[in-house]
Amino acid sequence: MAGLEPAGDAVSFPVTLQSSWALLLLLLVPLLWWIAGRTGAHVSRRHLLAATALRSLALVMLALALARPQWNSGAGDVSVVYALDVSRSIPAGYLESALKWIGAADREAAPAQSRYLAFADQPRLVEGADGLAKVPVAQEAAPGVLDQSQTNLERALDEALLGLDRDGVKRLVLMTDGNQTAGDVWRVLPRLKAAGVRVYPVPAKPRDDGDAWVDGIEVPGGLRAQEPVKVAVRVYAPRAMPAKVRLRHGPAIAGSRVVRLKPGLNRIVFEAQLGQPGLATLSAELQAQGDGSVENNVVRQSAWVGSRARVLYVEGQPSSAGYLRDALAAQGIQVTVAPAAELPGQAAGLSAYDAILLSDVPAKALSAPQMQAIQAYVRDQGGGLVFTSGENVFGEKGYSDSALESALPVRFRAQEKRKDLALVVVLDRSYSMKGRKMELAKEATRAALDLLEEQHEFAVVTFDSQTYVSVPLEKVRSKRKAEDQISRIQASGQTNIYPALGITYRLLQKSRSRNKHVILLSDGDTHPADFEGLLKRMTTDKIVVSTVAVGDGADRELMTNIARWGNGRSYSTVGAESLPQIFVEETQRAVRANLGEEPFRPVVKHRMAAFEGVDIEQAPPLKGFVASQARESAEVLLATPSESPVLARWQYGLGKVVVFTSDVKNRWASQWLEWPGYGRLWAQVTRGVMRRESGEQLDFRVDREGTEAVVTLSALTPDGRFRGDLSPRVRMVAADGTASILDLPRTGAGTYQLRVPIRAGARPARFELMASPGIGRAAISQAGPREIFYARSDEYRAFPPNMDLLRTLAEQTGGKVAPEIADVFDRQGDESRRSRPLWPWLALLGLLLYLGDIFVRRSPWAWRRFGS
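1. Details of the overall build of the protein chain
Line of reasoning, step 1. When its secondary structure is counted, the protein chain shows 20 helices and 44 strands.
Line of reasoning, step 2. Computed over C-alpha atoms, the radius of gyration of the protein chain comes to 43 Å, more than 25% over the 29 Å expected from 2.2 N^0.38 for 868 residues, which places it beyond the range of a compact globule.
Line of reasoning, step 3. Relative to its 868 residues, the protein chain shows a buried fraction of 50%.
Line of reasoning, step 4. Considering only contacts within the protein chain whose residues lie at least 6 apart along the sequence, 73% involve residues at least 24 apart.
Line of reasoning, step 5. As displayed, the protein chain offers around 40000 Å² of accessible surface, 51% of which is attributable to carbon and sulfur atoms.
Line of reasoning, step 6. Both charge centroids of the protein chain, one from 107 positive and one from 95 negative side chains, sit 5 Å from each other.

Structure below.
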């Protein structure tokens, strides 16, 4: 409605116009006067002015009448609709109390208009509050009665909106539990707000019949034959009670658990294995002590099971292939073991596999075309790659700068050692290092010495409050002598790092080695000094300083800064047990040795789905790894205590890649082979990188929402782009056996969706994707049919009231949940409006003025008689 009326129902101006465009006729008034001034009629000036004025006023009245003005007056009249839910989920006691509440509200508030509405699957307006109790209802659909097996809030609110006085203060009292099983209440909410209706929900309590039921079965997508899968059964209980929950796969029992249900929704998880590809039917059964009804204790769910996962396993040491092969096979993965020489040189030759697993394969065993084929298989075909290291991975150059390395989330360095290196270990020997900490520090120093060769230089500088050169800087010719000198180091005194670094600097200035490296270990605070200035001078002379902070009392900020100023690495550990490994790894970095063969426990940096059900923190130690550097976009999941990647992953093109820098067989991972989590971990890691089956580029799903089946098809091209060129069709076989062909309209980018009404029945409704242009039979066979089991309406489940829905309705419309009678009829500034049309009076006045104009123009004798 256009005009002078402001937005909303509040009246701030008494007159409104229904068709303001008619006011454009007022532009003709100046034209009438212009014509009158140029008329050739022989009449007096007063005669002409009177006639033109009457005609102008007549035109003004006509324009105003066509604009249909209304006279608005404010009032306080309240129009209320009481909407009462009479569906199966509402207890009889609530209906009685609701009728009493309605009667009291009408007596106390005396609204100008009251309407009464009962609803279940559909609404019905009745005469008087007494009529609510007389509305015919039934447990199933029947002519002339309300079907209690459904609750359609959308239709109820729409009907209530029609029952309200358009010009009154609008109030809607909604008496329900808010559990809609049909329709969508949010579709009617904008209309309620636009009409200025305030909704006041009065929540109904659930039926108290002690009924427990199976709410549903959760099955993950992308299932594969013989693959262990977690299936969750949702069970609702009105109170705590013992129960037995059984999961079946077809007629066979897949799992059975005795549980104690807690009040509300319970989630019981089973681990099942679906043996054969195709459409599988799962059913959940409940036996609960004190259950009030057994009709809703069985739920069935269909799931499409794809073909068994296939993996190509290439092992550098074929005699060791059995460990991982058998572990994966036990987890339902079909493994083909092949030597590196049989890998195809083109990506098409790998397309039969869902993932490739390379284990300890020397780089020289793969040709450039084979590496390029693996790269293209991952990047362009979406294949998965698991790359595990081993002692044979690196030859002269290893995988550095190869096509295969470019697909990995880490970078490997070529295998070579520096010919000259001066390594100085600066060791804290203060009193706090006494005991096992000191012994482990000396063991770590000896381990570092053991990695050096004769051409390298080595020294040990120790410090407390004073500085000592415990092992002079010289060529590593007699390691035994140096080891004896290290053994004699004793802990005493306080901590003073700066002088020790100064003496170390002077020692290394005298060295002719081009590579100079310092490992500084301390467990305590030290005196303040110009560490930054000293370290900058050392780095100017190309001396690298790395630090190891051990214990709770170490000044980690200072140690980190020393490493940063010294262009080195900073390590931190609470216990001293990891010191030998840290020293070994740092020394290996110094001499550029890629292999680390000291036992260590991987540190969890980030958790992933592959760790589910695996106690990775308690995994046995690994006996070695290959040093690498993670790429910027890679995610490091496991690392060594010195932060070198152990397990890392990333997305590469369309595929996924995981790198494990240790091995998976009986050398570095020998203790893992006996670990219960070994097979499960590697099966889950492998499944995490597997590509989706080609049919899954058409993601076909059927879900039930209330009384509707929601059929959805998501379509992608092989390179991951949305497909909008399809005209998909679905064949539906309803529970009663009737079949129909349905078109799926496009609803979004690459998405086609349709909602189909379904009715409860003993048989499932079946949906099958049909062949059409762009959808071949091969893709359909992979997508598979879907079935929806809808044995009984959700109305028979005693859910608690949906307070979120009721609260949102009240908040969005300005109402209140669980109101008092006074709350409903409090006008809160709202005013009703009484409108009187003014156009008939204006039209009549315009007609009289027009007749007056005619009379004046047709009676010139009157003007002459009066001397005009």
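2. Re the pattern of salt bridges
Oppositely charged side chains can form a pair if their charged atoms are brought close together.
Line of reasoning, step 1. Applying the stated criterion to the full structure yields 35 salt bridges.
Line of reasoning, step 2. Put simply, E577 and R436 hold a salt bridge, and the shortest N to O gap is 3.9 Å. Linking E577 in the loop between β28 (567–573) and α14 (579–591) with R436 in helix α9 (residues 436–450), this pair joins segments that are 141 residues apart in sequence.
Line of reasoning, step 3. On the basis of relative accessibility, which here comes to 53%, the residue E577 falls in the exposed class.
Line of reasoning, step 4. Among the charged side chains, a salt-bridge network with shared partners connects D215, E218, R234 and R267.

3. Re the sheet that holds strand β23 (residues 422–428)
Line of reasoning, step 1. Strand order in the open sheet formed by six strands is β25-β24-β23-β26-β27-β28, with mixed pairing between adjacent strands. Among the strands making up the open sheet, the edge pair consists of β25 (467–475) and β28. Pairs of neighbouring strands in the sheet enclose a mean axial angle of 10 degrees, with direction left out of account.
Line of reasoning, step 2. Across the sheet, helix α10 (residues 479–487) is in contact with β24 (457–463) and β25; its angle to β25 comes to roughly 170 degrees.

4. Notes on the nonpolar core
Line of reasoning, step 1. In this structure, W672 and W682 are the most contacted members of the largest nonpolar core, which totals 39 residues.
Line of reasoning, step 2. Counting only elements with at least two residues in this core, the list comes to β18 (310–315), α6 (322–330), β20 (355–359), β33 (635–639), β34 (645–652), β35 (655–660) and α15 (677–689).
Line of reasoning, step 3. Those residues in contact with W682 that sit more than four places away from it in its chain are L324, L328, V386, T388, F660, V664 and W672.
Line of reasoning, step 4. Within the second largest apolar cluster, 35 residues are counted, among which are V361, F387, L404 and V657.

5. Quick notes on the pairing of β28
Line of reasoning, step 1. Two strands pair when backbone bridges link them, and strand β27 (residues 543–550) and β28 are joined in this way by five bridges, in the parallel orientation. Counted as the bridge partner of A549 is S572 from β28.

6. Description of the packing of aromatic side chains
Line of reasoning, step 1. With the rule as written, the count across this model stands at nine aromatic pairs.
Line of reasoning, step 2. Seen in terms of ring centroids, F387 and Y399 are 5.3 Å apart; in terms of plane orientation they differ by 85 degrees. Their pairing is edge-to-face. Taken together, the positions of F387 in strand β21 (residues 384–388) and Y399 in the loop between β21 and α8 (403–406) put the pair twelve residues apart, joining distant regions of the chain. Of the two residues, F387 and Y399, neither departs from the other in class, the shared state being buried.
Line of reasoning, step 3. When the centroid spacing of 5.4 Å and the interplanar angle of 85 degrees are considered together, the rings of Y498 and F531 count as edge-to-face. Placement of Y498 in helix α11 (residues 497–509) and of F531 in helix α12 (residues 531–540) is noted, with a sequence separation of 33 residues between them.

7. Some points on α11
Line of reasoning, step 1. Taking 1.5 Å per residue as the helical rise, α11 with its 13 residues ought to reach 18 Å, and the 19 Å between its terminal C-alpha atoms agrees with that figure.
Line of reasoning, step 2. Those residues of α11 that sit buried are I497, A500, L501, G502, T504, Y505, L507 and L508.

8. Looking at the packing of helix α2 (residues 45–66) against helix α19 (residues 839–857)
Line of reasoning, step 1. The interhelical angle for the contact between α2 and α19, taken along N-to-C directions, is 160 degrees, at an axis separation of 8 Å. One finds that α2 runs roughly antiparallel with respect to α19. For the pair α2 and α19, the crossing hand works out as left-handed. Contacts between α2 and α19 involve H47, A51, T52, L54, R55, L57, A58, M61, L64 and A65 from the first element and W839, L842, A843, L845, G846, L849, Y850, G852, D853, V856 and R857 from the second.
Line of reasoning, step 2. In terms of residue class, the contact of α2 with α19 is made up of 14 nonpolar, four polar and three charged.

9. As for the sheet that holds strand β9 (residues 198–203)
Line of reasoning, step 1. Taken together, the five strands give an open sheet; going across it, the order is β5-β4-β3-β8-β9, and neighbouring strands pair in mixed fashion. A strand with exactly one partner marks an edge of an open sheet, and here the two such strands are β5 (123–126) and β9. For this sheet, the mean inter-axis angle between neighbouring strands, taken without regard to orientation, is 20 degrees.
Line of reasoning, step 2. Sheet topology places strand β3 (residues 78–85) next to strand β8 (residues 169–176); seven bridges connect them, and they run parallel.

10. Digging into a nonpolar patch on the surface
Line of reasoning, step 1. A cluster of nonpolar side chains, contributed by W841, L844, L847, L848, Y850, L851 and I854, occupies part of the molecular surface with about 730 Å² of accessible area.
Line of reasoning, step 2. Among the structural elements, W841 can be located in helix α19.
Line of reasoning, step 3. Residue W841 is classed as exposed on the basis of its relative accessible area of 63%.

11. Quick look at helix α13 (residues 556–565)
Line of reasoning, step 1. Considered for burial, the residues of α13 that qualify are L558, M559, N561, I562, A563 and W565.
Line of reasoning, step 2. Of the surrounding secondary structure, the elements contacted by the buried residues of α13 are α11, β26 (516–522), α12, β27 and β28.

12. Overview of the side chain of S511
Line of reasoning, step 1. Note that S511 resides in the loop between α11 and β26.
Line of reasoning, step 2. Residue S511 is classed as buried on the basis of its relative accessible area, which comes to 8%.
Line of reasoning, step 3. Within the structure, the side chain of S511 is placed 2.4 Å from the side chain of E457, a separation counted as a polar contact.

13. As for the confidence of the model for the protein chain
Line of reasoning, step 1. Of all residues in the protein chain, 93% have pLDDT values of 70 or greater, and the mean over the chain is 85.
Line of reasoning, step 2. Taking the mean pLDDT of every element in the protein chain, the minimum, 58, falls on helix α20 (residues 860–865) and the maximum, 96, on β9.
Line of reasoning, step 3. With pLDDT under 50 throughout, residues 1–11 is counted as low confidence; its partners more than four residues away or in other chains account for 20 contacts.

Conventions used here
Residues numbered from 1 in each chain as written. Predicted model: local features only at pLDDT ≥ 70, side-chain atom pairs only at ≥ 80, totals over all residues. Heavy atoms only, no water. Helix = DSSP H or I, 4+ residues; strand = E, 2+ residues; numbered from the N terminus. Rg over C-alpha atoms; globule rule 2.2 N^0.38 Å. Buried < 20%, exposed > 50% of the residue type's maximum accessible area, 1.4 Å probe, protein only. Contact = heavy atoms within 4.5 Å. Areas by Shrake-Rupley, 256 points an atom, 1.4 Å probe, with all protein chains shown as cover. Lys, Arg positive; Asp, Glu negative; His and termini not counted. Charge placed at Lys NZ, Arg CZ, Asp CG, Glu CD. Salt bridge = Lys/Arg side-chain N within 4 Å of Asp/Glu carboxyl O. Pairing = 2+ DSSP bridges. Axes fitted to C-alpha atoms, helices over the stretch in contact; angles between N-to-C directions. Core = buried A, V, L, I, M, F, W, Y, C linked by side-chain atoms within 4.5 Å. Phe/Tyr/Trp six-rings, centres within 6.5 Å; stacked < 30°, edge-to-face > 60°. Expected span 1.5 Å × (residues − 1). Parallel < 35°, antiparallel > 145°, perpendicular 65-115°, else oblique. Left-handed = near helix turned anticlockwise from the far one by under 90°. Nonpolar A, V, L, I, M, F, W, Y, C, P; charged D, E, K, R; others polar. Patch = residues over 30% accessible without salt bridge, like charges linked within 9 Å, V, L, I, M, F, W, Y side chains within 5 Å. Polar contact = N/O pair within 3.5 Å; in protein donor to acceptor, adjacent residues only side chain to side chain. pLDDT = per-residue confidence, 0-100.

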